[in-house]
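# Overview (structure and organization)
Here's the letter readout for the chains.
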Amino acid sequence: MRTQFLITALAALTCALVLPAAATAGPVKGPPSFHERIVEDFVLDDFCGTGADVAVHFERHATVWEGEEAFKAVFSEKAWLTYNGITLVEQFAGRTVAVDVAPQGGAAETVEVIETGLRAKLKLANGEVLTTDHGLLHYLISFDATGEVVDIEIVRDRGGHPAFVSDVWCEAATTAFGIPFPS
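Going along each chain's sequence as written, the residues are numbered from 1 onward. Only residues with pLDDT of at least 70 are given local features in this predicted model, and only at 80 or more are side-chain atom pairs given and counted; all residues enter the totals for whole chains, interfaces and linings. Calculation of side-chain values draws on the structure's entire complement of heavy atoms; hydrogens and water are dropped beforehand.

### A closer look at the overall build of the chain
Formally: The numbering of helices and of strands both runs from the N terminus, where a helix is a DSSP run of H or I of at least 4 residues and a strand a run of E of at least 2. For each residue, the accessible area found with a 1.4 Å probe, counting protein chains only, is set against the maximum for its type, and the residue is called buried under 20%, exposed over 50%, and partly exposed in between. The accessible surface values rely on the Shrake-Rupley method and a 1.4 Å probe; as for residues, cover is taken only from the protein chains in view.
Helix and strand counts for the chain come out as three helices and seven strands. Moving toward the C terminus, one meets the helices and strands of the chain in the order α-β-β-β-β-β-β-β-α-α. Taken across its 183 residues, the chain has 37% of its residues classed as buried. Here the chain displays about 9,400 Å² of accessible surface, and carbon together with sulfur accounts for 55% of that area.

Take a look at the structure:
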């Protein structure tokens, strides 16, 4: 199911962001650990499980603070996705804070995550908004001993985050591109 894929992808991203934090000492305060600017061009194979290849231009600016058991990032990201002459623009901007907490429900590790801002906005190049995901999202994500996600529990959802638990983003993107969305 694609919803599970989206949640797993988010969990993997969260894990990738949080695990490096465990390797550094100190709390998340003071000057940033690093600033990052990424500009990439690539092809996204099998876009949303459709078999289509979509060209992507991606730009990210981030400031990151790492601590012994915590992580914070302030970021702005934008991607231009192009398929068959149609370009969609995806935007993210906001803050993510992740803190290791006591493992929940028999998990080996649990991370408490709070995301604020614009988690995802997909629009046509002319500005028409197709879907948006914004506000505050607070959740616990638990991992087993191998790092696999075993549970995600939403604690608070303020603002609307349909892309966190559904295929709304892929449905909107594939419809705009004219690609049949797999059931």
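Next comes the rest of the account.
### Considering the confidence of the model for the chain
We apply this condition: You can read pLDDT as the predictor saying how much it trusts each residue, on a scale of 0 to 100. Whether two residues are in contact is decided by their heavy atoms: any pair within 4.5 Å suffices.
Per-residue confidence for the chain gives a mean pLDDT of 84, with 84% of residues at or over 70. Ignoring residues within four places in sequence, the model shows residues 1-26, a span with pLDDT below 50, making 47 contacts including any to other chains.

### Observations regarding the environment of A108
Counting through the fold element by element, A108 comes out in the loop between β4 (86-101) and β5 (109-124). Each C-alpha atom, one on A108 and one on A145, is 5.2 Å from the other, the two residues being 37 residues apart in sequence. The contact partners of A108, leaving out residues within four places of it in the chain, are P103, F143, D144 and A145.

### Some remarks on the nonpolar core
Definition in use: Definition of nonpolar core: a set of buried residues of the types Ala, Val, Leu, Ile, Met, Phe, Trp, Tyr and Cys, connected through side-chain atoms within 4.5 Å.
One finds F47, L81, L88, L122, W169, A173 and F177 to be the most contacted residues of the largest nonpolar core, which totals 18 residues. Within the residue set of this core, elements represented by two or more residues are β2 (54-66), β3 (70-83), β5 and α3 (168-177). The leading source of residues in this core is α3, at five residues. What W169 contacts, discounting residues up to four positions off in sequence, is F47, C48, L81, E90, L122, T131 and A163. Grouped together as the second largest cluster of nonpolar side chains are 15 residues, F75, A120, Y139 and F164 included.

### A few points about the environment of T50
If you trace the backbone, T50 turns up in the loop between β1 (34-44) and β2. Each C-alpha atom of the pair T50 and P182 lies 6.3 Å from the other, and the pair is 132 residues apart in sequence. T50 has contacts with T174, I179, P180 and P182, leaving out every residue within four places of it along the chain.

### Brief notes about the sheet that holds β1
The strands making up a sheet associate through backbone hydrogen bonding, with each pair oriented either parallel or antiparallel. The following threshold applies: Two strands qualify as a pair provided DSSP detects at least 2 bridges between them. Axis lines are fitted through C-alpha atoms, for helices just across the contact stretch, and the angle between N-to-C directions can take any value from 0 to 180 degrees.
Read across the open sheet, the seven strands follow the order β1-β2-β3-β4-β5-β6-β7; overall the sheet is antiparallel. Strands with a single pairing partner mark the edges of an open sheet, and in this sheet they are β1 and β7 (149-158). Going from strand to strand, the sheet's axes swing by 20° on average, the running direction of each strand aside. As paired strands, strand β6 (residues 129-143) and β7 are joined by eight bridges and run antiparallel to one another. Residue pairing across strands places L136 opposite R158, the latter belonging to β7. Contacts from α3 reach β2, β3, β4, β5 and β6, with the element oriented near 165° to β4.

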